[in-house]
Structure formats: C-alpha cells, structure tokens
Amino acid sequence: MKFADYCKDRLLLLMLHIACMMLLTAFLIATAYPPGCCCLILLTWLILLTAWFLTEYFRRKRYFEQMEAILEQADRKYLLGELMPASFRLEDRLYREMIRKSNKSVIERIRSVEDAGQEYREYIESWVHEIKAPLADIYLLCERRRDDTARRILAQNRRTENYVDMALFYARSDQVYQDYLIREATLQQTAEEVLQKNKYALMENHIRASVHCPDTVYTDAKWIAFILEQLVLNAVKYRRDTEPVLRISTGRAGRNVLLTVEDNGCGIPEEELPRIFDKGFTGTNGRGGAKATGMGLYLCRKLCVKLGIQILAESVAGRGTRISLEFPVSDYLSGLSLPVKSPNA
C-alpha cells in the first residue's frame, strides 16, 4: 500500500481537520485570544494529527502486507477468508465475514464441478470398456476370412479402437498417477507390439516399417505404447505417395535414452511446428484430406509431461518428420534388479 494512495483515501478526513483548525483559529482571534496561544494550540493539534495519521498508515500497511504474504503462500487462494489475520477493526471483521461467505459458495461450486467431471470420466471409462467387446468381435470375425475386404475392415476397426483409446486416455490423463506402473520396459518389444496392432493400416498403405530399439528404460509400457501408436498413425496419415518409410529406433542423448519415430512423409511447415502439440491444432496437412482431430499429439505431450519424458519434434515440409521421446536415466533406477512400482499403482 502506497502512502500517496492512503492519503487520497483519507482526503476527506484531512480536509475536515483543516476546516476545523481554520474555524478554531477564527474563533480564537474573534475572542481576542493571544496569538502565541493560538499557534501553540494549532501546533499541538497538527502534531497529534500527524502522529495518529502515520501510526494508522503503518498499521494498515503491515496488515495488508500480512494478507499478501498469506495469499502468496496459499495453495488454494480462494480460502483467503479463512486465512486472513485477526483485526480489531469492525470494517475488517465485516469484510472477512463477507469473503468467507463468498468463498463457501465458490468451494461448493468447485465441488459440484469436480463431482460432475468425475461422473463423466467414470461414464467414459465404462463406455470404452463396453464398446471394446463388439470391436473385438469384429476383429475375430474378420481374422477368419483373411480377404481384402476383411483386411480393410480390420484397418478401419483398428482406427476406431484408436479413437476409443484416445477417449479413455484423455479421460485419465489428469490422473495418470492412479493408473501407472513404473518398471523396466523393453522399447523393442513395445514398438513391435504397436506395429503389430496396426499392421493392416501399414500394409494397406504400403508402408515399410523397421524397428531397432535395443535400449531399455524405466517407465509405464502401456502409456508409452499409446504415445507410440499416435506417432505411428500420424506417420500413416501423413505418408508420401511413393515408397513411404517408417523407422523406430533408440539412441543416446548424453546419459538419457532417445526413442525416435521418423518417417519420410509430407512433413510439417516450419511456421506450424511450434504449435503441433496444441490442443485441437490440425495445421495445413490436417485441414486437407487427412481428417485430423488435433488431439493425438496434444495427448502425447500431456502424457509425456506426466511421466517426466521430454518430447521433441523436427520436420521439413515435403521431406518427413522426426519425433523423439527423451527418457531420463537415474543412477538409482539403473542399479535396481527388480521392477519399480508406483506407490499408487
């Protein structure tokens, strides 16, 4: 609180004191009071007024500084009414009570929104599990036929399963800690499983895929498989017309493990590259014939942040895209012989 602002706030009170001092002076002069005594009275009044004014200013300043400090340290700033320091002033007590009532309404509103969100997530999860049964039946029926039509149906069925998985992972993305298991994961096996799941999409689009991932990391293989699948399907969606290639490999970036998914597709324009992880961003390629949702890479980055993995993208328009996942390697985890489980898993 600035002194000038405090003076402006107390301007009417100061003007009242000045007017009273002028009226008293006029009265004393009119009653032939000695000038020296008049000056002494006015000086005493001015000293007392100044002392009171400065004392009140520093007291209020200290009070609001305490409130600002409490507000800065509070995790839930809407609970300020419960944390406000006590004050003997009636005005402060009234404000505190009004803020408490307002905060109570906000907390009730937040709780109702959280409950509604939880119910929605539970519904999405149950819907996903229910719809996976008919999708699995479609897969089994088509696997028995093994003709071109069945393969096309299987490819579309896999796309549908991916969108279903995206809905499930999106619903759980804010609560990753409740559904993850950290243990040693073989990236070669994870990548091969992802390609196997999407083999019909790769075959239908004549994409030559290769995997060379000899490194192992400590992470959740299920979440990494989901991220890899989004990158693989993006490579399929934005493939080139002739001799499309997809490569999944690992390497070292200092002490960290770098998992790279690289293709020779249409690439991403340089000006759009910083925005590809934004929610709903489809870009020039997505607005064409690819029918993009703008959610795949957004979920990849969100899950990478939750898992402590850095995701990087490089691309040249018309020459392909390279997306890398950088896994930090801990000396403690590297020395363990047993899988490390999350305490919440």
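Scroll up a little and you will see the structure.
All figures in this text were calculated on a predicted structure; none of them were measured in a lab.

Caption draft 1: A look at the overall build of the chain. A count of helical and extended segments in the chain gives twelve helices and seven strands. Its C-alpha atoms give the chain a radius of gyration of 34 Å, clearly above 20 Å, the size a compact globule of 345 residues would have. The dimensions of the chain, computed from C-alpha atoms along their principal axes, are 120 × 50 × 40 Å. Taken across its 345 residues, the chain has 35% of its residues classed as buried. Long-range contacts, defined here as pairs at least 24 residues apart, represent 70% of the contacts in the chain between residues at least 6 apart. Total accessible area on the chain is roughly 21,500 Å²; 57% of this is exposed by carbon and sulfur atoms. Within the chain, one finds 48 positive and 44 negative side-chain charges whose respective centroids are separated by 2 Å.

Caption draft 2: Examining the packing of helix H6 (residues 148-172) against helix H11 (residues 296-307) more closely. At a closest axis distance of 11 Å, the pairing of H6 and H11 adopts a crossing angle of 40 degrees. In terms of orientation, H6 and H11 fall into the oblique class. In the crossing of H6 with H11, the sense of the turn from one axis to the other is left-handed. Listed contacts from H11 to Met166, Phe169 and Tyr170 of H6 are Gly296, Tyr298, Leu299 and Leu303. The class makeup of the residues in the contact of H6 with H11 is six nonpolar, one polar and no charged.

Caption draft 3: Fine view of a nonpolar patch on the surface. Among the surface-exposed residues, Leu90, Leu94, Tyr95 and Met98 lie close enough to one another that they form a single nonpolar patch of about 430 Å² accessible area. Considering the arrangement of structural elements, one finds methionine 98 in helix H5 (residues 90-145).

Reading guide: rules and limits
- Residues numbered from 1 in each chain as written.
- Predicted model: local features only at pLDDT ≥ 70, side-chain atom pairs only at ≥ 80, totals over all residues.
- Heavy atoms only, no water.
- Helix = DSSP H or I, 4+ residues; strand = E, 2+ residues; numbered from the N terminus.
- Rg over C-alpha atoms; globule rule 2.2 N^0.38 Å.
- Buried < 20%, exposed > 50% of the residue type's maximum accessible area, 1.4 Å probe, protein only.
- Contact = heavy atoms within 4.5 Å.
- Areas by Shrake-Rupley, 256 points an atom, 1.4 Å probe, with all protein chains shown as cover.
- Lys, Arg positive; Asp, Glu negative; His and termini not counted.
- Charge placed at Lys NZ, Arg CZ, Asp CG, Glu CD.
- Axes fitted to C-alpha atoms, helices over the stretch in contact; angles between N-to-C directions.
- Parallel < 35°, antiparallel > 145°, perpendicular 65-115°, else oblique.
- Left-handed = near helix turned anticlockwise from the far one by under 90°.
- Nonpolar A, V, L, I, M, F, W, Y, C, P; charged D, E, K, R; others polar.
- Patch = residues over 30% accessible without salt bridge, like charges linked within 9 Å, V, L, I, M, F, W, Y side chains within 5 Å.
- Salt bridge = Lys/Arg side-chain N within 4 Å of Asp/Glu carboxyl O.

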